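Residues per chain, in single letters:
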Amino acid sequence: MNRTTLSLIAGTTALAAVTAFAAFDSPSASGAAAPRAAAQLPVERTSLLCPAPSMSDIADTAYTSFTPVTKGAASSGKAQLQAAAGQSDETGGKSGGKGSKGGKGAASKADEPVLAPKAPGTPATGETSGAEAPALIGTADGRFAPGWTVQETTEVAAGTGRGLLGVNCTGADTEFWFPGASTAAGRTDYVHLTNPDDSAAVVDIELYGKDGAIKSPLGENLSVDAHASEPILLSTLTEERQADLTVHVSVRSGRVGAAVQALDDKVGGDWLAAAADPAGSLVLPGIPKDATDVRLTAFTPGDDDADLKIRLASPAGLITPAGNETLHVKSGMSTTVDLGDVTRGEAGSLVLTPTDQTVPVVAALQVIRGKGDKKETAFIPATAAVGTRATSADNGAKGTTLALTAPTGTATVKVTASAGSEGGTPVTKTYTLKSGTTQNIDAPAPAGLQGTYALTVEPVSGAPVYASRTLAATEGGVPAFTIQPLPNDHGTVSVPRTEQDLSVLQN
């Protein structure tokens, strides 16, 4: 994705990030002394966007908000999630009720926050149900802003896309890549676009199949109203039916949050989050050890083809899957390979590296658990490294798996379980990851846990660490699950020192 870079005005002492992250460049002057090292200061304001959770009348959705305790954060502040001001139905027409698809009851509650956290360090929860549940726009400032994380988890008991669907609410941006989407028969995929700003956003949706770009003029110049959300059904943008697509969302004006909801008639459904920015090497962390089928989709947006080594970071180290040693990705074409039960009963993460020339690539995995008519699906997009800290909300005493991988070197990682939403004492443990390995760790849980809790992952030393969290629950014999990668939670920003020699201004 494109990242917005904000200029730092000399002498500024209070900084605010208007999205879930911000980066600051330090000024420089020819002949001037080298600037002092930048300071890491807590973010003072952030926003998160949660897509409308489901179009099923029997969907139940839980929201969990968590802000880690961050040194140096403000002593006051607030955070809340509220319904988007308007939402479209699947045909693209506006619905009648404010804040949901057509209900007066939902409209009357549009200004009521779904949840309002009370203090950092303790999760806050809220819930919605049915097809009327709207998209949400969240804001946090002061002490609630640094590392603010919100998880949306939906249970759908039956029908297309049944199972457990989960997504991390994300900040607004201007570009998104979704390898692994589909317009095939039996698949119903929506691109959810949410606009947090005061003016309309204009968005293009481009589709790339196995033979290249697909003509889809209906995906051009899509308008998303201010403080509103639009679910766009992919199959309405093209008559072509393809099993494996890469979706590119680019914003002409404004900003949006974006996620793909992928629903299947036979293997359930889940959210496909945006993949990490195009890069020569990619990590897709946390494939469940009991995965029965793993399908990789890769795409290169540039003019050159990409040749990639495929390796699995297992508990014992990096191994090459037999028969899938390399992957050739043609420029502008979605390339898919079926890796089968690549983990073979062990924890694993997929590592893609160039065989020779470095060519930027995006990628994602579709993962299936179960057999026969008891299958369930989830997605793992390529993700950025944890960095300073990553946060995962909505964990329970059962059904939570935290996967950590260090593909390029040994690393030490600190994992903290927060207090429970209804009680419990935080617990911290430290783990060592051997180079090239993945570990499904026995994640700590709060002492005396009541309710749900959050996990924070903080690398202590060594090589970059990548992480994901799996939630699992067996429902009617179906191994329902959802996977969320854990990139940096952007709790702090790098701020140059404001001290400078003002003598140059005296002449």
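The text that follows walks through the structure, step by step, so that each part is easy to find.

About the criteria used
- Residues numbered from 1 in each chain as written.
- Predicted model: local features only at pLDDT ≥ 70, side-chain atom pairs only at ≥ 80, totals over all residues.
- Heavy atoms only, no water.
- Buried < 20%, exposed > 50% of the residue type's maximum accessible area, 1.4 Å probe, protein only.
- Helix = DSSP H or I, 4+ residues; strand = E, 2+ residues; numbered from the N terminus.
- Pairing = 2+ DSSP bridges.
- Core = buried A, V, L, I, M, F, W, Y, C linked by side-chain atoms within 4.5 Å.
- Contact = heavy atoms within 4.5 Å.
- Phe/Tyr/Trp six-rings, centres within 6.5 Å; stacked < 30°, edge-to-face > 60°.
- Lys NZ or Arg CZ within 6 Å of the ring centre and 35° of its normal.

Looking now at the pairing of strand S19 (residues 257–264). Across the eight residues that make up S19, a large majority, eight, are buried. Residues Gly257, Ala259, Gln261 and Leu263 of S19 are buried on one face, and the alternating residues Ala258, Val260, Ala262 and Asp264, pointing to the opposite face, are buried as well. Summarising the sheet, strand S13 (residues 187–194) and S19 pair through eight bridges and their orientation is antiparallel. Paired with Thr194 across the strands is Gly257, a residue of S19. Looking at chain direction, S19 and strand S20 (residues 268–272) are connected through five bridges and run antiparallel. Looking at the pairing, Leu263 lines up with Gly269 of S20.

Before going further, it helps to spend a moment on the nonpolar core. Ranked by internal contacts, the top residues of the largest apolar core, which has 28 residues, are Leu284, Ile287, Leu296, Leu350, Leu352 and Leu365. Among the elements that line this core, the one with the most residues is strand S23 (residues 306–314), at four residues. Setting aside anything within four residues of it in sequence, one finds Ile287 in contact with Val294, Leu312, Val342, Thr343, Ala347, Gly348, Ser349, Leu350, Leu365 and Ile380. Counting residues in hydrophobic clusters, the runner-up holds 27 residues, among them Val191, Leu237, Val249 and Val256.

As a further point, take the packing of aromatic side chains. The full count for this structure, using the stated rule, is three aromatic pairs. Where Phe176 meets Phe178, the ring centres are 6.4 Å apart and the plane angle is 15°; that geometry is what we call stacked. Residue class for Phe176 comes out buried when judged on its relative accessible area of 1%. Aromatic pair Trp177 and Phe299: ring centres 5.5 Å apart, planes at 35°, arrangement tilted. Separated by 122 residues along the polypeptide, Trp177 in strand S12 (residues 175–181) and Phe299 in strand S22 (residues 293–299) bring together distant segments of the chain. With a relative accessible area of 6%, Trp177 lands in the buried category. Using a relative accessible area of 1% as the deciding quantity, one classes Phe299 as buried. Each member of the aromatic cluster is reached from another via a ring pair, and the members are Trp177, Tyr208 and Phe299. Its end group placed over the ring of Phe481, Arg369 keeps NZ or CZ at 5.1 Å from the ring centre.

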